[in-house]
Amino acid sequence: MNKQLEKLISLHDLDVMIADLDRKDIRKREIEMGLHKDGVLEELKELREEYCKSIGRKWRGLYNQLTRHYGNAVVPALMGRCAGCLTRLPTAVCSDPDRNMKIHTCPTCGRIIYWAD
Amino acid sequence: MKYTALCKFELSATSREEAIAELLGLFPVGERSQNLLAGALDIREKVGATVVHNTIVLPHCRSILVDKLTIAVGRSEAGIGWPKNRIHTVILFVSPVRLNAPQDHTRFLSHIAGRIKKFGDRIVAAETQDELLDLLGFQHEELEIR
């Protein structure tokens, strides 16, 4: 898999983790279970900033722009379609065994696409 | 409601990283996805270990790399250094990132919290895989070889 694509997927999952810990219902449940520790959210946000620096400016910019617009910048391809907007993706790309070796974006919504291995 | 879970009753791992990798090895995803999930779970454990009931740990996250709630349960007689606690039961789960997934994730957290509160000591002392999964309210999931 393309290294930048891997980093973008990891950044997406880190953003979901931060958003979840900021959600009232999840935080409440984690506090009740003794899983929530003070300062976790701040530490994750710092880690995110550090992590962002390892992603090329072009892809980081696109990721941030897509996240602001849609809430999610990276989506899987499902049955040849973009899981974000359900547009059918080009057959040539979908059938390429090395499709994850470069970063592809949805021709309609522009989201970053990956194919599950 | 019974959740389905993958299970490895006798983990060989001795460290947190090894235990996470061993349980992710049961997941029906490729090696690259396993490595990315391990990274996300490790970050969460580093900033705040998810240890409950002294010897039970709940490494978890939500990820776009899974398309359904995937649970893997492991047990170690000898214990796993987590690193400050000695862990005997690992309940690892990854929820998908979907519109209704935060609610599903919270519902599952509630389920597992209830089970640990009610059966914590029995979960730690479970002698068989079936007993452990039954106490957790899980059904054993058999995966087809891909």
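Look up: the structure comes first, before these words.
Residues numbered from 1 in each chain as written. Chains lettered and ligands numbered in written order. Predicted model: local features only at pLDDT ≥ 70, side-chain atom pairs only at ≥ 80, totals over all residues. Heavy atoms only, no water.

Visitor: Looking at this structure, how should I read the overall build of chain B?
Guide: Scanning chain B for helices and strands turns up four helices and seven strands. Its C-alpha atoms give chain B principal-axis dimensions of roughly 35 × 35 × 30 Å. When contacts within chain B are restricted to residue pairs at least 6 apart in sequence, those whose partners lie at least 24 apart make up 68%. (Helix = DSSP H or I, 4+ residues; strand = E, 2+ residues; numbered from the N terminus. Contact = heavy atoms within 4.5 Å.)

Visitor: Teacher, can you tell me more about the packing of helix α1 (residues 3-22) of chain A against helix α2 (residues 31-47) of chain B here?
Guide: Geometrically, a packed helix pair is captured by the angle between its two axes and the distance between the axes. Taken N-terminus to C-terminus, the directions of α1 of chain A and α2 of chain B make an angle of 40°; their axes are 10 Å apart at the nearest point. Crossing hand, α1 of chain A versus α2 of chain B: right-handed. On α2 of chain B, the residues that touch Lys-3, Glu-6, Ile-9, Ser-10, Leu-14, Met-17 and Leu-21 of chain A of α1 of chain A are Arg-32, Leu-36, Ala-40, Ile-43 and Arg-44 of chain B. Classifying every residue of the contact of α1 of chain A with α2 of chain B gives seven nonpolar, one polar and four charged. (Axes fitted to C-alpha atoms, helices over the stretch in contact; angles between N-to-C directions. Left-handed = near helix turned anticlockwise from the far one by under 90°. Nonpolar A, V, L, I, M, F, W, Y, C, P; charged D, E, K, R; others polar.)

Visitor: Sorry, what's going on with the interface of chain B and chain A here?
Guide: When the parts of a complex come together, some accessible area is lost, and that lost area is often used as the size of the interface. Each partner contributes to the interface: chain B provides 32 residues, whereas chain A provides 29 residues. Summing both sides of the interface, chain B and chain A together bury roughly 2600 Å²; the carbon and sulfur share of this comes to 62%. On the chain B side of the interface with chain A, the three residues burying the most area are Arg-44, Val-47 and Ile-64 of chain B, jointly 26% of the side's total. At the boundary of chain B and chain A, one finds three salt bridges. Remark: the boundary between chain B and chain A carries nine residue pairs in polar contact (both at pLDDT 80 or more). For the side of chain B that touches chain A, the secondary structure elements donating two or more residues are α2, β2 (51-52), β4 (60-63) and α3 (101-125) of chain B. (Buried area = accessible area lost by both parts, 1.4 Å probe. Salt bridge = Lys/Arg side-chain N within 4 Å of Asp/Glu carboxyl O. Polar contact = N/O pair within 3.5 Å; in protein donor to acceptor, adjacent residues only side chain to side chain.)

Visitor: Any chance you could explain the sheet that holds strand β1 (residues 74-78) of chain A here in plain terms?
Guide: Backbone hydrogen bonds hold the strands of a sheet together, and the pairing may be parallel or antiparallel. Residue and element names in this part refer to chain A. Read from one edge to the other, the open sheet built from four strands follows the order β2-β1-β4-β3, with strand pairing classed as mixed. Taken across any chain shown, the strands that pair with only one partner, and hence form the sheet edges, are β2 (81-82) and β3 (104-105). In this sheet, strand β4 (residues 112-114) lies alongside β3 in antiparallel orientation, the contact comprising two bridges. Bridged to Thr-105 within β4 is Ile-112. Against the sheet, α1 contacts β1 and β4, and its axis sits at roughly 105° relative to β4. (Pairing = 2+ DSSP bridges.)

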